[in-house]
Amino acid sequence: MIPFTYERATDEAAAARAAAGNSNTKFIAGGTNLLDLMKLQIEKPQHLIDITHLPLNRIGPTEQGGLRIGAMVRNSDLAADTRIRRDYAVLSRALLAGASGQLRNMATTGGNLLQRTRCYYFYTPGLPCNKRDPGSGCSALLGFNRMHAIVGASDQCIAVHPSDMAVAMRVLDAQIETMNGEGKRRVIPIADFYRLPGNTPHLENNLQAGELITSVTLPPPVRGVHLYRKVRDRASYAFALVSVAAVIERSGDQINNARLAFGGLAPQPWRVPAAEQALHEAPGTAVSADRAADAVLAGATGHGHNNFKIDLTRRTLQAVLAASQRA
Ligand SMILES: Cc1cc2nc3c(=O)[nH]c(=O)nc-3n(C[C@H](O)[C@H](O)[C@H](O)COP(=O)(O)OP(=O)(O)OC[C@H]3O[C@@H](n4cnc5c(N)ncnc54)[C@H](O)[C@@H]3O)c2cc1C
Ligand code: SF4
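An account of the accompanying structure is given in this report. Everything numeric in this text was worked out from a predicted model, so none of it was measured.

A separate point is the environment of Asn 306. Its location among the elements puts Asn 306 in the loop between helix H10 (286-296) and helix H11 (308-326). Here Asn 306 falls in the buried class, since its relative accessible area comes to 0%. Between the C-alpha atom of Asn 306 and that of Glu 211, which follows or precedes it by 95 residues, the distance is 35 Å. For Asn 306, the residues in contact, after removing those within four places along its chain, are Asn 145, Arg 146, His 148, Ala 149 and Ile 150. Among the polar contacts listed, one links the side chain of Asn 306 to the backbone oxygen of Ala 149, at a separation of 3.3 Å.

Here it is as structure tokens:
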């Protein structure tokens, strides 16, 4: 590991100010991703700001009837919260589908949103990777790309975003609250939070340098059956090949309202309004599932080893719709 300096932040404004003052600074929360990356010298911060003692570990109501989740709320506490389980079950289910109990006890809401891709080549210093070393090339394009993206990628990077939690937050229209080094706060809808790789795959989100995530808000609960289905190589402790977060309200065969977001397909949680629209227009049949899948998969391209994801997406969506009918 490369030497670095360390401080423990005592308040949000001081943490954001300290980060803005040194361009090679990182916040450390649960450390479950950052420390691995530092050991591999993929992340090389000169200065670490420990935010684990900031008072950002609460979940409370918003004035709009939703919930505000502090950035330091641990994944296990969020999944177990009775309000989350009752009103936002898709989020609880997605969290419990991720990592392991020990990791969820450490991992935080802010850190989970900002975890880096699990592309094998990104984690292998010495091999070309535009995300790790801009301009060096993409080893995955012609390499082993079983876990990689089929939509939203570019010829510079085909990595997927690995978070389960973010997929559920996308379906719930979460908003991310931040503070910058001047103490200014802003709110970023999760739909605008992540960037597609284009020619700059090393830039993954729209945070400014040193901007601190303080909390995530959820709008008032959305009625319907909340489902999270994750298809992966092992039954636990594995990242999604394809996942679907869904909130579906139906009367018998008729789908009155459907929200769908997909993980494992793209560099960011993937939500396609036309897919949701297709489910309203052709109620409750295999035809509507097919039309919705067509919309999600518009422009989808496999890269060899991950071609199977195109069919798998279709089948996973069908399974989710069938489950919503049985629920
Ligand atoms: C073996 C293993 C299996 C896993 N499996 C899954 C899985 O199946 N599904 C899944 O979704 N995840 C999985 N994970 C990933 C895990 O969920 C993430 O590592 C974790 O959520 C990151 O949170 P953290 O608090 O530890 O972040 P850290 O490692 O502390 O930080 C991650 C990044 O976020 C930044 N950061 C943290 N908090 C803030 C903040 N408040 N404001 C601004 N920047 C911030 C840090 O600077 C750093 O860049 C797995 C991890 C491991 C090691
Ligand atoms: S897919 Fe992205 S992260 Fe993976 S090797 Fe290519 S550039 Fe790097």
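Evaluated as defined, the whole model comprises four aromatic pairs. Measuring from ring centre to ring centre gives 5.9 Å for Tyr 120 and Tyr 121, while their planes differ by 80°; the resulting arrangement is edge-to-face. For Tyr 121, a relative accessible area of 15% corresponds to the buried category. Note on Phe 193 and Tyr 194: the rings are 5.0 Å apart at their centroids and 85° apart in plane angle, and the pair reads as edge-to-face. Residue classification places Phe 193 among the buried positions, given a relative accessible area of 0%. Classification of Tyr 194 as buried rests on a relative accessible area of 7%. Chaining the aromatic ring pairs together yields one cluster made of Tyr 120, Tyr 121 and Phe 144.

Right, let's get into the nonpolar core. Ile 51, Ile 69, Leu 78, Leu 91, Leu 113, Met 169 and Phe 193 are the most contacted members of the largest nonpolar core, which totals 50 residues. Among the secondary structure elements, those contributing two or more residues to this core are helix H1 (12-20), strand S5 (67-70), helix H3 (75-80), helix H5 (89-96), helix H8 (165-171), strand S6 (175-179), strand S8 (212-218) and strand S10 (242-251). Broken down by element, the residue count for this core peaks at six residues, all from H8. Those residues in contact with Leu 91 that lie beyond four places of it in its chain are Ile 69, Leu 78, Ile 84, Met 165, Ala 168, Met 169, Leu 172 and Leu 218. Ranked by size, the runner-up nonpolar core spans 30 residues in total, among them Ala 258, Leu 279, Ala 289 and Leu 297.

Right, let's talk about the site of ligand 2 for a bit. Within the structure, ligand 2 sits among 14 residues, and Cys 119, Cys 129, Cys 138, Cys 157 and Ile 158 are positioned closest to it. The residue inventory of the shell around ligand 2, partitioned by class, reads nine nonpolar, four polar and one charged.

Parameters and conventions
- Residues numbered from 1 in each chain as written.
- Chains lettered and ligands numbered in written order.
- Predicted model: local features only at pLDDT ≥ 70, side-chain atom pairs only at ≥ 80, totals over all residues.
- Heavy atoms only, no water.
- Helix = DSSP H or I, 4+ residues; strand = E, 2+ residues; numbered from the N terminus.
- Buried < 20%, exposed > 50% of the residue type's maximum accessible area, 1.4 Å probe, protein only.
- Contact = heavy atoms within 4.5 Å.
- Polar contact = N/O pair within 3.5 Å; in protein donor to acceptor, adjacent residues only side chain to side chain.
- Phe/Tyr/Trp six-rings, centres within 6.5 Å; stacked < 30°, edge-to-face > 60°.
- Core = buried A, V, L, I, M, F, W, Y, C linked by side-chain atoms within 4.5 Å.
- Near = heavy atom within 4 Å.
- Nonpolar A, V, L, I, M, F, W, Y, C, P; charged D, E, K, R; others polar.

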